[in-house]
Amino acid sequence: MPAHVVYGDSFLVAGVVRRVIQDGGASDVMDSNHHRFTVGQTQPAEVVAACNSLPFLDAARLVEVEGVLATEETGGGQRGRGRSGRRQAAARTGWMQLADAVPLMPDTTLLVLVDGDASDRNPLLTALAEHCQVHKQAAPTGQGLNQWVKRAVEGRGGSITPPAIQAITEMIGNDLWTLDRELEKLSLYATGREITEPDVRTLVPYAQEANIFAAVDAIMDGRPGDALRMLAQLMDEGREPLYIIAMIERQLRLIALARDLTERGVVQPDLGRRMGANSDFVVRKTLGQARRMTLPEISHKYQLVLESDLAIKQGRLDPEVSLELLVADLAGA
């Protein structure tokens, strides 16, 4: 049986792994013939031993290993450069020895190596590619993402308008797990008809955040007129001034965190996790706002928000008046 390396976007990787296992005839092997390993919780020798074992009362042995490529990603996949000849001449060590073990595995073993993004120059990936089928799964972007959304809806027996596709991809980006979940919900909601942009704005939770972001953008860009119009629309939709102020405070807090993390050298793929944001849309917008302000400016705006919140809760100002004054102060700060 062949060995496979499947890496890249986790949503697409999961689908390819299911297909590889099914096509390899190993989808229904007994538990005793199915091994799942995670780097950091096992040793290379244990994986190699499992790969070399014949199946017990079964036609195949399935070995899944997660995270091996990451062990050779230090320095952007540069490990081993300038000494590749010596590495090939000598026995490989650590997880690199998997590359030597694959061609020696019995034909009854199906090895599936699963990982996230990896450099094309990753030395382990290069070595494994000599003996494994490699499946690189990159998340779609641009027109490719639009086509992915369209196919995902059609696969559920539905259809979706181009404006709706544009709206949902702007909100969520190419987070395929979240897109898939929201498209499932939208498909059920719009059974028997096309999914429209108003459906997306109504059902997808990121729509609310998108409106808040638009208002905050107007505030931070010094456009009080646009900001007041957007905030009035939010209140017309039933949002209370204190809720809107809380959302502005939350966004300023995220902006401050994003600014601090970027100044400390945290790279963008890790920012979402550190900020507690699950949406690429949220991370992208917050980074843009953080780049336009210094930490002292953010701190000053944050103080204005707290003072407005306190004025309402102490009964010193009408909520709507306090919100309007806050927007004017923030936009001119």
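Details of the structure are given in the entry above.
Here's a quick rundown of the structure. (Residues numbered from 1 in each chain as written. Predicted model: local features only at pLDDT ≥ 70, side-chain atom pairs only at ≥ 80, totals over all residues. Heavy atoms only, no water.)

Quick notes on the state of the cysteines
Turning to step 1, where the next piece is worked out: Taken as a whole and judged by the stated rule, the model has 0 disulfides.
Turning to step 2, where the next piece is worked out: Left unpaired, cysteine 51 is separated from the closest cysteine sulfur, that of cysteine 132, by 9.7 Å.
Turning to step 3, where the next piece is worked out: Residue cysteine 51 is classed as buried on the basis of its relative accessible area, which comes to 2%.
Turning to step 4, where the next piece is worked out: On the accessibility criterion, cysteine 132 (9% relative accessible area) is buried. (Disulfide = S-S within 2.5 Å. Buried < 20%, exposed > 50% of the residue type's maximum accessible area, 1.4 Å probe, protein only.)

Here's the deal with the packing of helix H7 (residues 142-154) against helix H8 (residues 162-172)
Turning to step 1, where the next piece is worked out: Contact geometry of H7 with H8 gives a least axis separation of 10 Å together with a crossing angle of 115°. Comparing their axes, H8 and H7 come out roughly perpendicular. Both H7 and H8 take part in a crossing whose hand is right-handed. Residues Leu145, Asn146, Val149 and Lys150 of H7 pack against Ile165, Ile168 and Thr169 of H8.
Turning to step 2, where the next piece is worked out: For the contact of H7 with H8, the residue count by class is 4 nonpolar, 2 polar and 1 charged. (Axes fitted to C-alpha atoms, helices over the stretch in contact; angles between N-to-C directions. Helix = DSSP H or I, 4+ residues; strand = E, 2+ residues; numbered from the N terminus. Parallel < 35°, antiparallel > 145°, perpendicular 65-115°, else oblique. Left-handed = near helix turned anticlockwise from the far one by under 90°. Contact = heavy atoms within 4.5 Å. Nonpolar A, V, L, I, M, F, W, Y, C, P; charged D, E, K, R; others polar.)

Overview of the nonpolar core
Turning to step 1, where the next piece is worked out: Residues Ile219, Leu231, Ile248, Leu252, Leu271, Val305 and Leu330 are the most contacted members of the largest nonpolar core, which totals 36 residues.
Turning to step 2, where the next piece is worked out: Of all the secondary structure elements, the ones that give two or more residues to this core are helix H11 (206-220), helix H12 (224-236), helix H13 (241-263), helix H14 (268-275), helix H15 (280-291), helix H16 (295-313) and helix H17 (319-332).
Turning to step 3, where the next piece is worked out: Broken down by element, this core gets its largest block of residues, 9 residues, from H13.
Turning to step 4, where the next piece is worked out: Ignoring sequence-local partners within four residues, the contact set of valine 305 consists of Ile245, Ile248, Glu249, Leu252, Leu326 and Leu330.
Turning to step 5, where the next piece is worked out: Core analysis: the second largest hydrophobic core is formed by 27 residues, Tyr7, Trp95, Leu124 and Cys132 among them. (Core = buried A, V, L, I, M, F, W, Y, C linked by side-chain atoms within 4.5 Å.)

Concerning a nonpolar patch on the surface
Turning to step 1, where the next piece is worked out: The grouping of Met30, Phe56 and Leu57 at the surface amounts to a nonpolar patch, some 340 Å² of accessible area in total.
Turning to step 2, where the next piece is worked out: Along the chain, the position of methionine 30 falls in the loop between helix H1 (10-23) and strand E2 (34-38).
Turning to step 3, where the next piece is worked out: Accessibility expressed as a relative area gives 35% for methionine 30, which makes it partly exposed. (Patch = residues over 30% accessible without salt bridge, like charges linked within 9 Å, V, L, I, M, F, W, Y side chains within 5 Å. Areas by Shrake-Rupley, 256 points an atom, 1.4 Å probe, with all protein chains shown as cover. Salt bridge = Lys/Arg side-chain N within 4 Å of Asp/Glu carboxyl O.)

Quick look at the pattern of salt bridges
Turning to step 1, where the next piece is worked out: Taken as a whole and judged by the stated rule, the model has 13 salt bridges.
Turning to step 2, where the next piece is worked out: Here arginine 36 makes a salt bridge to glutamate 64, at a shortest N to O gap of 3.8 Å. Of this pair, arginine 36 sits in strand E2 while glutamate 64 sits in strand E3 (residues 61-66); the two residues are 28 residues apart in sequence, bridging distant segments of the chain.
Turning to step 3, where the next piece is worked out: Under the relative-accessibility criterion, arginine 36 is labelled exposed at 63%.
Turning to step 4, where the next piece is worked out: The class for glutamate 64 is buried, based on a relative accessible area of 14%.
Turning to step 5, where the next piece is worked out: One salt bridge in this structure joins glutamate 182 and lysine 185, with 3.0 Å as the shortest N-O distance.

Here we look at H12
Turning to step 1, where the next piece is worked out: Counted at 1.5 Å a residue, the expected span for H12 with its 13 residues is 18 Å, and the 18 Å between its end C-alpha atoms agrees.
Turning to step 2, where the next piece is worked out: Residues Ala227, Met230, Leu231 and Leu234 constitute the buried set of H12. Projected onto a plane normal to the axis of H12, the buried residues spread over an arc of 100° and lie on a single side. Exposed residues pointing more than 90 degrees away from the buried face of H12 are listed as Gly225 and Asp236.
Turning to step 3, where the next piece is worked out: Just downstream of H12 lies glycine 238, where phi reads positive at about 100°. (Expected span 1.5 Å × (residues − 1). Arc of directions from axis to C-beta.)

Examining the sheet that holds E2
Turning to step 1, where the next piece is worked out: Spatially, E2-E3-E4-E1-E5 is the arrangement adopted by the 5 strands of the open sheet, whose pairing is parallel. Every other strand in the sheet has two partners, leaving E2 and strand E5 (132-137) as the edge strands with one partner each. Geometrically, the sheet is characterised by an average inter-axis angle of 15° between neighbouring strands, direction not taken into account.
Turning to step 2, where the next piece is worked out: Sheet topology note: the strand E1 (residues 3-8)/strand E4 (residues 109-115) ladder contains 5 bridges and is parallel. Residue tyrosine 7 lies in a different strand from E4, and its bridge partner there is aspartate 115.
Turning to step 3, where the next piece is worked out: Packed onto the sheet, helix H2 (residues 44-52) meets E2, E3 and E4 and runs at close to 160° relative to E3. (Pairing = 2+ DSSP bridges.)

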